[in-house]
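Here's the letter readout for the chains.
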Protein chains: 2
Amino acid sequence: MWGIELDRSLDVSLKRQIYQKLRDQMMNGTLKEGSPLPSTRELAQTLSVSRNTVNEAYDMLIAEGYAQSRQGAPTRVVGGLILDQAKQNAAQHHQEGAPASSFLADFKTGQPDLRQFPRYVWQRVSQKALGEMPMELLGYGGPQGLAQLREEIAAWLLRSKGLTVDTGDIYITAGATQALHLVADLLHTDHPEMLAEDPCNIEMIQTFIHKGYTVTPVPVDGHGLQTDALSLDHCGPIYVTPSHQFPLGGILPAARRAALIRFARRCGSYVIEDDYDSEYRYYGEPATPLYAMAPDRVIYIGTFSKVLFPALRIGYVLVPRELQSRWRRLRTYTDVQNPPFEQAALAEFLRTRKFDRHIARMKKLYRERRQALFDALGECFGERWRPWGDAAGLQLAVEFSGIAFDDSFREQARRSGIRTVPVEYHSIRKGRHTDKLLLGYGHLEPDEIRLGVHYIQQFINDYVQEHTLHR
Amino acid sequence: MWGIELDRSLDVSLKRQIYQKLRDQMMNGTLKEGSPLPSTRELAQTLSVSRNTVNEAYDMLIAEGYAQSRQGAPTRVVGGLILDQAKQNAAQHHQEGAPASSFLADFKTGQPDLRQFPRYVWQRVSQKALGEMPMELLGYGGPQGLAQLREEIAAWLLRSKGLTVDTGDIYITAGATQALHLVADLLHTDHPEMLAEDPCNIEMIQTFIHKGYTVTPVPVDGHGLQTDALSLDHCGPIYVTPSHQFPLGGILPAARRAALIRFARRCGSYVIEDDYDSEYRYYGEPATPLYAMAPDRVIYIGTFSKVLFPALRIGYVLVPRELQSRWRRLRTYTDVQNPPFEQAALAEFLRTRKFDRHIARMKKLYRERRQALFDALGECFGERWRPWGDAAGLQLAVEFSGIAFDDSFREQARRSGIRTVPVEYHSIRKGRHTDKLLLGYGHLEPDEIRLGVHYIQQFINDYVQEHTLHR
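Residues numbered from 1 in each chain as written. Chains lettered and ligands numbered in written order. Predicted model: local features only at pLDDT ≥ 70, side-chain atom pairs only at ≥ 80, totals over all residues. Heavy atoms only, no water.

> What is the right way to read the overall build of chain A from this model?
For chain A, the count of helices and strands is 13 helices and 16 strands. Compactness check: chain A gives a C-alpha radius of gyration of 30 Å against a globular reference of 23 Å for 471 residues, more than 25% above the reference. In terms of principal-axis extent, the alpha carbons of chain A reach across some 95 × 60 × 50 Å. Within chain A, buried positions represent 60% of all 471 residues. When contacts within chain A are restricted to residue pairs at least 6 apart in sequence, long-range pairs at least 24 apart make up 74% of them. Accessible surface for chain A amounts to roughly 18,900 Å². Of this, 48% is attributable to carbon and sulfur atoms. Mean positive and mean negative side-chain charge positions of chain A (56 and 56 charges, respectively) differ by 3 Å. (Helix = DSSP H or I, 4+ residues; strand = E, 2+ residues; numbered from the N terminus. Rg over C-alpha atoms; globule rule 2.2 N^0.38 Å. Buried < 20%, exposed > 50% of the residue type's maximum accessible area, 1.4 Å probe, protein only. Contact = heavy atoms within 4.5 Å. Areas by Shrake-Rupley, 256 points an atom, 1.4 Å probe, with all protein chains shown as cover. Lys, Arg positive; Asp, Glu negative; His and termini not counted. Charge placed at Lys NZ, Arg CZ, Asp CG, Glu CD.)

> Any chance you could explain the state of the cysteines here in plain terms?
The bond known as a disulfide is covalent and runs between the sulfur atoms of two cysteines. Taken as a whole and judged by the stated rule, the model has 2 disulfides over all chains. For B:Cys235, the disulfide goes to B:Cys267, at an S-S distance of 2.1 Å. The sign of the S-S torsion, about -80 degrees, decides the handedness of the disulfide formed by B:Cys235 and B:Cys267: left-handed. With B:Cys235 in the loop between strand E7 (224-225) and strand E8 (238-240) and B:Cys267 in helix H8 (residues 254-267), this pair connects stretches of sequence that are 32 residues apart. Here A:Cys200 stays unpaired: no disulfide links it, and the sulfur of A:Cys267, its closest cysteine neighbor, is 18 Å away. (Disulfide = S-S within 2.5 Å.)

> Is there a simple way to explain the sheet that holds strand E9 (residues 271-275) of chain A in this structure?
What holds strands together in a sheet is hydrogen bonding between their backbones, with the strands either parallel or antiparallel. Residues and elements named next belong to chain A. Taken in spatial order, the 8 strands make up an open sheet running E4-E11-E10-E9-E8-E5-E6-E7, and their pairing is mixed. Looking at the sheet topology across the chains shown, the edges are occupied by strand E4 (170-173) and strand E7 (224-225). In this sheet, strand E11 (residues 315-318) lies alongside E4 in antiparallel orientation, the contact comprising 4 bridges. If you follow Ile-170 over to E11, its bridge partner there is Leu-318. Along the sheet face, helix H7 (residues 202-210) touches strand E5 (193-198), strand E6 (214-221), strand E8 (238-240) and E9 and points at about 165 degrees away from the line of E5. (Pairing = 2+ DSSP bridges. Axes fitted to C-alpha atoms, helices over the stretch in contact; angles between N-to-C directions.)

> So what exactly am I meant to see when it comes to the nonpolar core here?
Core analysis: the largest hydrophobic core is formed by 228 residues, its most contacted members being A:Trp122, A:Leu308, B:Trp122 and B:Leu308. Leaving out residues up to four positions away in the same chain, B:Trp122 has contacts with A:Leu130, A:Phe341, B:Phe117, B:Leu308, B:Phe309, B:Leu312, B:Glu342, B:Ala345, B:Leu346 and B:Phe349. (Core = buried A, V, L, I, M, F, W, Y, C linked by side-chain atoms within 4.5 Å.)

Pasting the structure below:
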């Protein structure tokens, strides 16, 4: 009766089920405009529920405007409820691809070794943060980020890179990607143009491309950005990685740094310095940030993803002062602020120098892995390979002279269980770096590295043979 | 000698201090291009440091390209280091304003009572999350959000609002503001246009305005958006709060909901449903989301800020399927993903129904506070006030007939220690709601409410007198 069946096993209350069935009938026209609903007594009896349950269901229908009640008259269906015939919504929701089958050789880039992350220590500093957070910081704390974290970052920048920074110039972000996203919005103009190192991290500049920026590539050699290729015909923010060029690995020399700053001043634009992994320099101190040379012209982006773990999502930006009030407004309307607990945990991790100790430990480990990679490459490729760049970071660009890794290489390798990216993939203008592969080694044990390089050797041999045959 | 003084009390290593002093001299021209640096032996002696320390400082200068060494010759300063005279960077970094002196009456909106947040329970679920997080989720987990949290949200939407949602259609965000920010980017066109309830949360639509959207206001009455004012001359995404209109408080009736969906279908556009506080409905069930009526046309934005705490920064969006692949790409290039630990903590909080219990407890508390506000208003204003909207949420729009709260009111009240916002502040077209104030009461104890209303009464009396005198 009334086409209503209740399912008492559901996690949905009976009144809501009654409401839903009646509502559906109104929406599809079974219960027409002006029709009276059954009396609550009658429906309660039919459905074996209390009259109160039916009353509450009717109250929901009335409150949401599906039905109207008038003193002494039955509750009736209102008009105007019928939708146009909905288009068949055949779209499927996005399905995650099947998980990548585990690779035989997985030289992906940008991944620290998560197995080494000191989880227990992180748990302890997190618990401290959870217990000690002042109540008011559960409310809105402002777009700049937790003061105690900014103080610890300033102290760390001083002791690790000799950089003197006012905590007022530090802005916490939800990671380096968000920092770039905010910078892209911050510097946006009517016809936005930017300059980027070529090759560069091609994923990172997508953020700018998505926002309509035209990208002018500036070539890179073994020492980073070739500043003599800069021209005032193309002015705009310049995205650079001066401490450890991604992907070729150079440290930008001081004279080029000075030229870059002079160029930015002449353009009236800014340099975006992405310092994505300079903590890991294996012979010598981390290179000094470009920011030190011109705090008014350089937007410095720092990250903790490579030292701690990528999912942490905390980065920071040193923002030139004349951009700071716009930055605050922008962050407020983007996502308000970072959550406080992880900021406080990280501040404690820095304050107690557990951060420094973790870096020191990992540096030793990564240096050994880098050596294992060099040894394996020497063993497998003899004289036919050459490393690029400074001894730093978690990946290495390797030149294999005489071999051209074309567009198909990456996918072919993937199908053979090998993950490595040709430098060409990260190039804006194609054709200049076809003989180089990028090998991320930070997350791999020495044995995994050795084995991986052997698989790569086999695959490259086959690849070269096939390509020679096809010529 | 050499103008170098070392400070052994600093947290900066001696080699870095030497490097910095020499670098500064090169940058300012004291040490000129081609000049030889002192021999390491000589400098080490002068500074009373080991020769190794000086060697390391020189290595830094060479690695960063400030100096060059050639076999058998002294290390010399390179050329091209001098910057143009830097403009005096007189800009000060942004200073936080002095903290708001505590208000006599603080009826700010959008703030739950943080004193009531079950911190101990949250600590426990957080600790569980910290201990049990699988290692791979410390890496990149994808833009959609933690699967276990999406499952718990789906279960909760079913039991609390009768909404059946596929977990594949749920996208976690860093709060509702970020959700709007992403939606604004998602629906962006060359000449973006949107429609908004008028009045509406004027802060929220700033996100669209910042991105260049033209905003067409659609008037609101006591029942929410006046759909008969919609016209096909102005098509675009429509921002609405159908469960509890902000700020006037109406529940959008079913017939208007159907009209709104029909309009969006005809426009080929989307309805943006901001469900910012529907959990707190004091007499009856939460209103059913508009999303239930047309999952292909409604982008539903849910938040946990009002139930838990604003700094949590976790929200979720029900994304129509044809927008999902763009959404994923967009989120990836915006800030990659939410951090995992808080997501897992919230999932556990939902799974154990601590969330439901917290809502039930707070609902009782907020209902009492709402009653205290009604009582106080009755006591102070007799018949000269009228409440607007449904009994829901954490704020109340109050009409004071015959009084016009003009632009100066908010600031004047603030200076007198009273925080309350005229509805006019949230109006796009001014002049239609000058007789209404918005009072946020959720965060106040009944005593604070009573006292606050007395202060408001005094202030309004003075305000009216002054305005009468000036006429």
